[in-house]
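# Summary of the model geometry
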Amino acid sequence: MDLLYKSTRNSEEVVTASQAILKGLADNGGLFVPTSLPKFDVSLNDLAKMSYQEVAYEVMKLLLTDFTEEELKHCINSAYDSKFDTKEIAPLKKAAGAYYLELFHGSTIAFKDMALSILPYLLVTSAKKNQIKNDIVILTATSGDTGKAALAGFADVEGTKIIVFYPKNGVSPIQEKQMVTQKGDNTYVVGIHGNFDDAQTGVKNMFSDKELANVMDAAGYQFSSANSINIGRLVPQIVYYVYAYTRLLAQGEIKDGEKINVVVPTGNFGNILAAYYAKEMGLPVAKFICASNDNKVLYDFFSTGCYDRNREFILTTSPSMDILISSNLERLIYKIAGCDSDKNKALMESLVKEGKYNITDEMKAQLAEFYGNYAKESETAETIKKVYETDGYILDTHTAVAATVYDKYLADTKDDTKTIIASTASPFKFTRSVMNAIDEAYDAKSDFELVDELSSLAKVKVPQAIEDIRNAEVLHDTVCDKTEMLDTVKKILGI
Ligand SMILES: *Cc1c(COP(=O)(O)O)cnc(C)c1O
């Protein structure tokens, strides 16, 4: 029996895994969730003996049941190969009282590579399985990292085109340069005058535009999404939590079955939700520590039970977390609403209409495993400096938000449970902010001078992803207003 997926907003919409991957978003704006979460059928001790790719297969086979073993192994082995600069794929580094799970060893040096290096393979396989004749147009909104990782994953993949929208003034210079220098005949990059939420809303509107879908279909196109609302993003992210736990087990750092805590620097709530799904599948996790920057909607939500996006959007040094609408939270809301799609839909409609919603006490009681807090800009910078000075380990700004929140959690709770911190980007991606945190005098230098300084301070080679853009030519310069996203897509596709 195949594991099926249903929409969080309509219990009647039920699809297979490959169909959910193809569609990205459900018909009425809902997200696909598994109808039940299967339990691991291999022991943690056995998983501890496996490679990253083998663990990936054991986890993903349970969730993508309509893929054959051969198909899934092909996807996994094509994705997690020498594009990653370490055989471990996601190494764990012990530093500053925690285990940093380095998720930035892929081709674009942020954790989005963990899922986006496999998504194109999953999507192309899904298209074949479902006899899709149309070209697939990947439409993506990015706060900086998804865009490049998706572009790299889909560049020159036959039968696909990829269009990425990013906030023109809301990403780091290195992030922007990575995107606008992207090669590939099927890649399109557009800056918008607006913030990430504007980009994400524009993309979501196009997905649910039935008229547009018909015009596209007539021209031989259909949309899919590379955003973390796609279940094909979420499933591969469950893997590294299982991998990390089983490495701690293999190294004798924890006993079999011992619970750990997980700290995740959070934006769209995809990464932390993957950790939650890992627990539902049998991973021993005690607390999910949700770290926000000054855009602390989630902290307020976990504190009060009210999700309220009516506030100023703040640009921070951790731009990939500058988000006021955390899309994947909907999957958790649906769960704590007793998997009641009507209840969930009402809350999401209230978010659109009033910019906020309140959950009931009964729902809030189910969030006891979550702890939310946030880091102010000055605290994030202090953490980078402190961890560098005490451990010689250099955190990127997002990971430093997580480390700061972990310190606050420790001060609040005195909980000495072993803890994994998701390290979501290489410091080389946010070089200026990272180097300024260590010493403000660095601000006088150019971006690439700072890259070299960082390399010598961290005693880490400059990643290939940075070398690649040092002298790369700008290939994309389209900029549009946030109201012109639809027209821009039509122009690109010639429809
Ligand atoms: C995307 C991103 C995040 C936020 O992850 P979500 O899954 O959206 O919560 C955090 N850090 C970095 C570096 C990112 O690229």
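The structure under discussion appears in the preceding block.
Residues numbered from 1 in each chain as written. Predicted model: local features only at pLDDT ≥ 70, side-chain atom pairs only at ≥ 80, totals over all residues. Heavy atoms only, no water.

### Brief notes about the site of the ligand
The following threshold applies: The cutoff for a nearby residue is simple: one of its non-hydrogen atoms must lie within 4 Å of the molecule or strand. Nitrogen and oxygen atoms within 3.5 Å of one another constitute a polar contact, given that in protein one can donate a hydrogen and the other can accept it, and given that sequence-neighbouring residues count only through two side-chain atoms. The Shrake-Rupley method, run with a 1.4 Å probe, gives the accessible areas here. Residue values count only the displayed protein chains as cover. Think of a 1 Å grid over the protein atoms and nothing else: a 1.4 Å probe that fits but is trapped marks a cavity, an open set flanked by protein within 12 Å on at least five of seven lines marks a pocket, and residues with an atom within 4 Å of a point count as lining. Molecule-in-pocket calls rest on the fraction of atoms, with more than half required to lie within 2 Å of the cavity or pocket grid points.
Lys112, Asp145, Gly267, Asn268 and Thr424 are the nearest of the 15 residues found near the ligand. Here Asp145 contributes a side-chain N or O atom positioned 2.5 Å from an oxygen atom of the ligand. Residue Asn271 places a main-chain N or O atom 2.9 Å away from an oxygen atom belonging to the ligand. For the ligand, whose unbound accessible area comes to 380 Å², protein coverage reaches 98%. Of the pockets mapped on this structure, the ligand occupies the largest cavity.

### Overview of empty space enclosed by the protein
As a reminder of what qualifies: Grid points are joined across faces, edges and corners, and a volume is the space filled by probe spheres set on the points. Secondary structure elements are defined from DSSP: runs of H or I of at least 4 residues count as helices, runs of E of at least 2 residues count as strands, and each element is numbered from the N terminus. Lys, Arg, Asp and Glu make up the charged group, whereas Ala, Val, Leu, Ile, Met, Phe, Trp, Tyr, Cys and Pro make up the nonpolar group; the residues left over, Gly among them, are polar.
Using the criterion set out here, one finds three cavities of 30 Å³ or more in the structure. Approximately 280 Å³ is the volume attributed to the largest cavity. For the largest cavity, the lining is made up of 26 residues, of which Phe111, Lys112, Gly267, Asn268 and Ser320 are closest to its centre. Of all the elements in the fold, those that place two or more residues in the lining of the largest cavity are α7 (145-154), α11 (231-250) and α12 (270-280). The class makeup of the residues in the lining of the largest cavity is nine nonpolar, 14 polar and three charged.

### Description of the layout of surface pockets
Roughly 1100 Å³ of volume is contained in the largest pocket. Looking at the lining of the largest pocket, the elements with two or more residues in it are α5 (112-116), α6 (119-129), α7 and α21 (464-470). Per-class residue counts for the lining of the largest pocket are 23 nonpolar, 13 polar and 11 charged.

### Structural notes on helix α19 (residues 431-438)
We count it as follows: Each residue gets one of three labels from its accessible area relative to the maximum for its type: buried under 20%, exposed over 50%, partly exposed in between, using a 1.4 Å probe on protein chains only. What the arc measures is the spread of directions leading from the helix axis to the C-beta atoms. Any pair of residues with heavy atoms lying within 4.5 Å of one another is described as a contacting pair.
Within α19, burial applies to Thr431, Val434, Met435, Ala437 and Ile438. On an axial view of α19, the arc spanned by its buried residues comes to 155°, and they lie on one face. The secondary structure elements touched by the buried residues of α19 are α8 (173-180), α17 (377-391), α18 (397-413) and α20 (447-458).

### Here's the deal with the nonpolar core
This is how it is decided: Here, nonpolar core means buried Ala, Val, Leu, Ile, Met, Phe, Trp, Tyr and Cys residues that are tied together by side-chain atoms lying within 4.5 Å of each other.
Within the largest apolar cluster, 114 residues are counted, with the highest numbers of intra-cluster contacts made by Tyr5, Met60, Leu64, Tyr241, Phe269, Ile333 and Tyr357. Here this core takes 13 residues from α11, the largest share from any one element. Filtering out sequence-adjacent residues up to four positions away, Tyr241 remains in contact with Val262, Val264, Asn271, Ala274, Ala275, Ala278, Leu283 and Ala422. Counting residues in hydrophobic clusters, the runner-up holds 42 residues, among them Ile384, Ile421, Met435 and Val451.

### Some words on the side chain of Asn227
Turning to its location among the elements, Asn227 is positioned in the loop between β9 (221-225) and α11. Asn227 sits in the buried class, given a relative accessible area of 5%. For Asn227, the side chain forms a polar contact with the main-chain oxygen of Ala141, separated by 2.8 Å. Residues in contact with Asn227, not counting those within four places in the same chain, are Leu139, Thr140, Ala141, Thr146 and Arg233.

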